[in-house]
Amino acid sequence: MKVVNFLSIVDPQKCNGDKRCENLCPSGAIKVVEKIARVDESRCVACGKCREVCREGAITMVRRSEPREIVFDMQTVSQEKIQALCEKTFLLPDMLICACTGTMVKEVAGAIIGGAKTPEDIVLMTGAGSGCGIYCMGVVFQLFKAAGIVIPDDPRWKNLPLTPRDIPDKIADKYPEYYFRGVI
Ligand code: SF4
Ligand code: SF4
């Protein structure tokens, strides 16, 4: 679960429209329109990435008047389907997937069964990926793959750290003593 207390705002006088923020925002909240970055309040998960990447100092984080909670309601999807999807990936449903938000594997699996099609959807439905976004995404990709969903090509999801199960088959076959195949 994520409690979103802050919101990013853009100073249009400082913004040069270079899209560095847009190309990093995990929830698609910030977009450059007519050379000025604009924030969709309803999508901002206050990760602070836009502020970190902005070279012009155009972004500040301000406190929201009301905090916003992002939590996936597990009762809206079949528990059997969640279990089956987790089993396909050899992941334990109660395993923590995102240490920043305390999101578990079963919540992300539930969101995928509930209609998530992109990592952006996962961020907005569960909060996972709204913190550092480094360690959770490899597992999110595994769950999408197991569900047969192809993630859209997007620079935001490239060059993220992978998990041992992303090791190519020929490497895994060469070193059978390592448990690349998810043997548990
Ligand atoms: S990174 Fe900063 S300067 Fe660039 S578009 Fe975003 S707000 Fe504007
Ligand atoms: S704080 Fe994070 S979610 Fe909000 S606009 Fe910036 S990059 Fe996007």
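Note that the structure is a prediction, hence the values are computed from the model and not measured.

Student: Hey, could you run me through the pairing of strand β3 (residues 36-39) in this one?
Tutor: Within a regular beta strand, the side chains point alternately toward one face of the sheet and then the other, so they alternate between its two faces. As judged from the four bridges shared by strand β2 (residues 30-33) and β3, these two strands associate in the antiparallel manner. Residue K31 lies in a different strand from β3, and its bridge partner there is R38. Between β2 and β3, which pair antiparallel one after the other, the connecting turn spans two residues, and E34 there sits at a positive phi close to 50°.

Student: Sorry, what's going on with the environment of T101 here?
Tutor: Examined against the element boundaries, T101 turns out to sit in the loop between β5 (96-98) and β6 (103-104). With 87 residues separating them in the primary sequence, T101 and K14 have C-alpha atoms 32 Å apart. Those residues within four positions of T101 in sequence are excluded, and the remaining contacts are M1, K2, G127, A128, S130 and G131.

Student: Help me out: how do you make sense of the site of ligand 2 in this one?
Tutor: The immediate surroundings of ligand 2 are formed by 13 residues, with C25, I30, C44, C47 and C50 found nearest. Along the lines of polarity and charge, the residues of the shell around ligand 2 split into nine nonpolar, three polar and one charged.

Student: Help me understand helix α3 (residues 105-113), please; the structure alone is not making it clear to me.
Tutor: Side chains of residues three or four places apart in an α-helix project in the same direction, reflecting 3.6 residues per turn. α3 sits mainly inside the fold: eight of its nine residues count as buried. Along α3, the positions that sit buried rather than exposed are V105, K106, E107, V108, A109, G110, A111 and I112. Tucked into the core, α3 has its buried residues touching α2 (79-89), β5, β6, α4 (119-126) and α5 (136-146). Just downstream of α3 lies G115, where phi reads positive at about 120°.

Student: Sorry, what's going on with the site of ligand 1 here?
Tutor: Near ligand 1, the surroundings consist of 15 residues, among which C15, R20, C21, A37 and C54 are the closest. Residues belonging to the shell around ligand 1 are distributed by class as follows: nine nonpolar, two polar and four charged.

Student: How should I be thinking about unusual backbone geometry in this particular structure?
Tutor: With the exception of glycine, most residues fall at negative phi, and the peptide bonds are largely trans. Even without being a glycine, K19 presents a positive backbone phi close to 70°. Relative to the elements of secondary structure, K19 occurs in the loop between β1 (2-10) and β2. According to the C-beta neighbour criterion, K19 is partly exposed, with 13 such atoms within 10 Å. Phi at A46 takes a positive value of approximately 55°, unusual for a residue other than glycine. For A46, the position within the fold is in the loop between β3 and α1 (49-53).

Reading guide: rules and limits
Residues numbered from 1 in each chain as written. Chains lettered and ligands numbered in written order. Predicted model: local features only at pLDDT ≥ 70, side-chain atom pairs only at ≥ 80, totals over all residues. Pairing = 2+ DSSP bridges. Helix = DSSP H or I, 4+ residues; strand = E, 2+ residues; numbered from the N terminus. Contact = placed C-beta atoms within 7 Å. Near = placed C-beta within 6 Å. Nonpolar A, V, L, I, M, F, W, Y, C, P; charged D, E, K, R; others polar. Buried ≥ 20, exposed ≤ 12 C-beta atoms within 10 Å, placed from the backbone.

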